[in-house]
Structures are given as C-alpha cells and as structure tokens.
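# Structural characterization, general
Chain residues, written in single-letter form:
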Amino acid sequence: MATYSINHIGSTMIKIKVYVLSLLFLGGCSLSSLVDGADTSSEVKDPAAVRTPEGAAAMYNGVKIAFARVVRGTAPDAQTINFVRLSGLFTDELRAANMNADFPIQADEGIDSRTVSNIYSQQLYQNLNNLRALSQETRGLLKEIKIADWEKKVAEVYAIEAFVTIMLADMYCSSIPLSFLNYGGDYTITEGFSTETVYERAISLFDSAKVVLSTTTSDSSGIEHFINIGRGRALLSLGEYETAASQVSAVPTSYKYQLDYTVNYPKDVAHASYFIIADKEGINGLGFVSDNDPRTATAEHTNKLIPLTFAGGIEGRLIEVEAMIHARNDEWINSLNRLRTSCISQDDCITPAPAGTGGIAGLPMMTDSSLGLPDAEKFDKRLDILFHERAYWLFLTGRRQGDLRRLIRRYGRSSSVVYPTGTWGNRGFTAYGTAVSFAIPQQEIDSNSLYNGCVSQDE
C-alpha cells in the first residue's frame with residue numbers, strides 16, 4: 001500500500017508525496033478491514049491510482065482512520081501521541097504512572113506536571129496539522145472524483161478538520177498558524193491567529209460543511225448532527241451561549257458519532273506502565289476513581305476495541321444547560337437530572353438509580369445546592385455543578401482541557417483554582433507549573449517566516 005507522507009513540522013510543509021495514509025502500509029491491507037462500513041471496493045497500491053473512485057474512497061476512509069488515531073488511538077510500531085492522552089495528563093483526568101526515582105524520567109511527566117512543553121507536544125502539533133492537510137487534500141479529490149455520496153463525505157471531512165482546529169485552539173497558546181494546503185498546488189503559510197480567531201475558523205469550516213451537505217438528496221442527518229455539535233462547542237468557547245444552544249437543539253440525546261478502533265490500531269487506554277486515571281490530582285482535581293462514578297468505568301474507556309463516542313447528543317444537552325444557567329433558567333437542574341436518571345423524585349428513586357436519557361444506570365438525582373445563595377455565588381455554584389457533570393459525561397473524550405481553559409477565559413477563574421496545583425510527584429519537582437496551554441514548537445518559528453511565536457500561554 002502506498003504511503004501518505006507530509007514532510008513538515010506543523011504548518012511548514014515541503015510537499016505531499018503520495019496521497020494514501022502511511023498507516024495502511026505496503027503489502028496490500030484493505031481499508032474496509034480497518035474501518036467498519038468502509039466504502040472502498042479495492043485496495044490502492046499505486047500513487048497513480050489515487051485519482052480514481054477507489055483512490056478517493058481510500059482517502060476519505062484514511063481521514064477517518066487518522067482522526068480516530070489523533071483523538072485517542074495508538075499503533076503497534078510507534079509511541080502513542082494522541083489528544084486525549086496529552087490533554088488528560090495536562091489536566092486532571094490522567095496521571096503519569098511512574099513518578100519515583102526507581103524509573104527513568106519520561107516525557108509524560110513534564111506534561112502531567114505542566115512544567116514543560118516537550119517532544120510529545122511537538123508531535124501532537126504535527127499530527128493535528130498533518131490531519132488538517134490530509135483533510136484539505138481529500139476534500140479536493142472528492143469534489144473532483146465525485147464518488148457515491150461525495151457531498152456527505154466532503155461535509156464530514158470539513159467537520160473533521162473543524163474539530164481538529166478546535167483541538168489546536170484548546171491545547172495550544174494564543175497565536176496559532178493555520179497554514180493550509182491548496183488542492184493540487186502549494187502549501188500556504190500564515191501568521192499566528194488568536195485563540196478566538198481559531199475557534200471562528202472552526203465555525204467557518206462547519207459552515208462550509210453545511211453548505212455542501214445542503215446539496216445532497218440522501219439522508220444526511222447523522223453528519224448534520226455531527227456538524228451542529230461541533231458548531232455548538234466552538235460557540236461555547238466564544239461565549240455565545242444562546243446561539244450554541246440553538247445549534248444543538250435538534251440533535252437527539254441518543255445521537256453518537258463514534259470513532260472505530262481495531263486490533264491493529266486500538267484505542268489508547270490508561271494502564272499502570274505509562275499513565276493511569278487520576279484521582280483528586282493536585283488539590284483541584286476531581287475524584288475520577290474514588291467517586292466510583294459509573295461514567296468513568298464504561299467499556300469506552302477500558303476496552304481498546306470499543307468505539308469511542310467523540311460527539312453526541314449528551315454533549316448537546318450539556319451545552320443547552322450552560323445557556324440555561326446564563327439565562328437564569330431554573331430548568332437547568334432538571335435537564336441534568338434527565339440525563340442521569342428516569343427517577344422523578346429523590347424519595348421514589350430506587351438504588352441503584354435507573355438510567356436516564358444518558359444511558360448509564362447508577363446516577364442518582366442531584367439537588368440544586370445553589371438555592372438560597374446570593375446571585376453571584378448562585379451563578380458560580382451552578383457552573384461548578386455543570387462543569388463537574390461535563391467532566392464525567394465527557395470523560396476522556398478530549399473535552400476537559402477546553403473546559404478548564406474556558407473557565408479561565410470566559411468565567412474569570414484563576415488557573416490556580418482550575419488546574420491541579422501544589423506538590424507534584426517525588427522526582428525533585430516541588431510544584432506544578434503554571435502553563436495552561438502548550439507552546440507552538442520552535443520548528444514552526446524557525447521555518448515559518450510569518451510566525452513570531454506565542455502571544456500568551458496563560459489564558
């Protein structure tokens with residue numbers, strides 16, 4: 001199988017060599033064996049075959065495989081660098097497993113202690129930008145070749161690039177280059193953009209996806225929901241709460257956009273050798289272990305082959321709750337409870353509580369502990385409850401880092417009360433670092449003549 005290779009760090013690409021993902025390897029593996037329902041009838045073994053229906057299908061499926069790996073995947077032949085792992089270590093979801101002098105210092109530790117940006121953050125930056133470039137090239141090819149349902153596929157690839165753009169805004173410092181690949185042409189470098197501008201760029205990609213999707217005559221509701229969840233997420237980051245809620249209102253709570261994993265390319269799961277699920281990390285961290293919450297023990301998090309729900313209706317309901325809190329709508333607590341359980345009162349609820357619309361049993365009803373507080377304290381208390389629920393419903397899906405930074409940017413909270421703090425480990429680190437984002441790698445600065453580095457890593 002031919003390989004797809006991008007020779008660049010981040011935005012400073014030299015050229016695209018061949019247009020099929022390297023993860024497919026030489027030797028004739030089938031895309032359809034890697035992605036359930038893959039729409040490809042034959043293997044692509046020669047670069048010249050890419051500008052064919054089979055090549056276009058391979059490119060589309062390659063984007064989906066690459067997306068799964070960038071979000072939370074691994075491979076048998078390479079160090080695991082994915083968004084969920086690094087953002088989980090950086091926040092309070094995951095811990096570096098070996099934090100004593102009996103083990104060699106690992107790159108995980110600098111991420112977990114928030115003291116350095118290292119080779120891992122550099123590799124993640126490259127992987128995210130590789131996927132952006134692959135998405136851009138794939139859209140151009142699909143528009144040219146027009147295989148079956150090409151409009152839906154183009155819209156989905158637009159949305160995937162938009163989500164990757166959100167990940168860059170969530171994880172990296174303010175001033176992010178958004179260099180891009182011109183289909184059939186050169187790579188155009190850009191200056192760095194503010195965090196808000198990067199979220200706005202993601203929204204414009206979602207908008208482009210909607211335009212393309214509007215031209216199809218086949219059922220496209222699944223991709224439309226995927227787009228709307230992403231658009232709502234970006235709008236939350238921009239502080240446009242009411243608009244965000246309107247975007248997700250038509251998404252069913254049961255909707256799931258899932259990423260598939262296989263024996264050859266499994267999901268990365270926490271284990272004792274490298275990193276583990278964190279518990280009350282650094283004073284501010286949540287009790288992801290000791291709370292015994294069933295949402296942190298599902299097969300999605302513990303089984304390497306179970307699909308991961310990357311975007312879904314549950315997130316849509318949580319977006320709506322945030323808008324309710326801003327609107328001072330007391331229905332917010334009932335909306336959270338509908339996700340948790342079908343019980344309608346504390347007195348009548350059995351133990352363990354039956355599942356609500358979120359589909360997980362054992363979550364009892366919550367009460368509104370903000371009642372009776374002054375308005376400002378009431379607002380903050382309701383936010384505390386909501387972000388706690390977001391942390392558990394969206395556990396290890398790559399949302400936590402964006403949420404914590406949003407608490408700082410939008411709600412004025414100090415990083416010292418949001419991120420883990422205090423003493424870290426026992427290798428001589430006396431305290432956690434203060435970074436709330438990764439720096440853009442030095443290679444980008446060295447190679448991109450329009451880029452001057454981070455403006456801020458502190459918001």
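Residues numbered from 1 in each chain as written. Predicted model: local features only at pLDDT ≥ 70, side-chain atom pairs only at ≥ 80, totals over all residues. Heavy atoms only, no water.

### Quick notes on the layout of surface pockets
Its boundaries defined by the atoms lining it, the second largest pocket holds a volume of some 390 Å³. When contributions to the lining of the second largest pocket are tallied by element, the ones reaching two or more residues are α9 (299-302), β8 (308-312), α10 (313-326) and α12 (375-393). No other element matches the 4 residues that β8 contributes to the lining of the second largest pocket. Of the residues contributing to the lining of the second largest pocket, the split by class is 9 nonpolar, 11 polar and 5 charged. (1 Å grid on protein atoms, 1.4 Å probe; cavity = no way out; pocket = protein on both sides within 12 Å on 5 of 7 lines; lining within 4 Å. Points joined across faces, edges and corners; volume = space filled by probe spheres on them. Helix = DSSP H or I, 4+ residues; strand = E, 2+ residues; numbered from the N terminus. Nonpolar A, V, L, I, M, F, W, Y, C, P; charged D, E, K, R; others polar.)

### Topic: the state of the cysteines
Here the structure, examined in full by the defined rule, presents 2 disulfides. With a sulfur-sulfur separation of 1.9 Å, cysteine 173 is cross-linked through a disulfide to cysteine 454. Judged by the sign of its S-S torsion, about -75°, the bond between cysteine 173 and cysteine 454 is left-handed. On the criterion of sequence distance, the pair formed by cysteine 173 in the loop between α5 (150-171) and β2 (176-177) and cysteine 454 in the segment after α14 (442-447) is long-range, its members being 281 residues apart. On the accessibility criterion, cysteine 173 (0% relative accessible area) is buried. The disulfide partner of cysteine 343 is cysteine 349, and the S-S distance across this bridge is 2.0 Å. A torsion of 70° about the S-S bond marks the disulfide between cysteine 343 and cysteine 349 as right-handed. In the chain, the bonded cysteines, numbered by position in the sequence, are linked as 1-4, 2-3. (Disulfide = S-S within 2.5 Å. Buried < 20%, exposed > 50% of the residue type's maximum accessible area, 1.4 Å probe, protein only.)

### Some words on the pairing of strand β6 (residues 256-259)
Alternating positions in β6 separate cleanly, Tyr257 and Leu259 being buried on one face and Lys256 and Gln258 remaining unburied on the opposite face. Of the pairings in the sheet, the one linking β6 to β8 comprises 4 bridges and is antiparallel in character. Pairing of leucine 259 across the sheet is with leucine 308, part of β8. (Pairing = 2+ DSSP bridges.)

### Remarks on unusual backbone geometry
Excluding glycine, residues mostly have negative phi values, and the peptide bonds linking residues are mostly trans. Note that the residue after threonine 351, namely proline 352, is joined by a cis bond; omega there is -5°. Within the secondary structure, proline 352 sits in the loop between α11 (332-340) and α12. At serine 175, a position not held by glycine, the phi torsion is positive, near 100°. Among the structural elements, serine 175 can be located in the loop between α5 and β2. For asparagine 292, which is not glycine, the phi dihedral falls at a positive 50°. Within the element layout of this structure, asparagine 292 appears in the loop between β7 (275-277) and α9.

### Some details on α11
With 7 of 9 residues buried, α11 lies mostly within the body of the structure. Taken together, the buried positions of α11 are occupied by Trp332, Ile333, Ser335, Leu336, Asn337, Leu339 and Arg340. Contacts made by the buried residues of α11 are with α10 and α12. (Contact = heavy atoms within 4.5 Å.)

Keep in mind that these numbers describe shape and distance, not what the molecule does.
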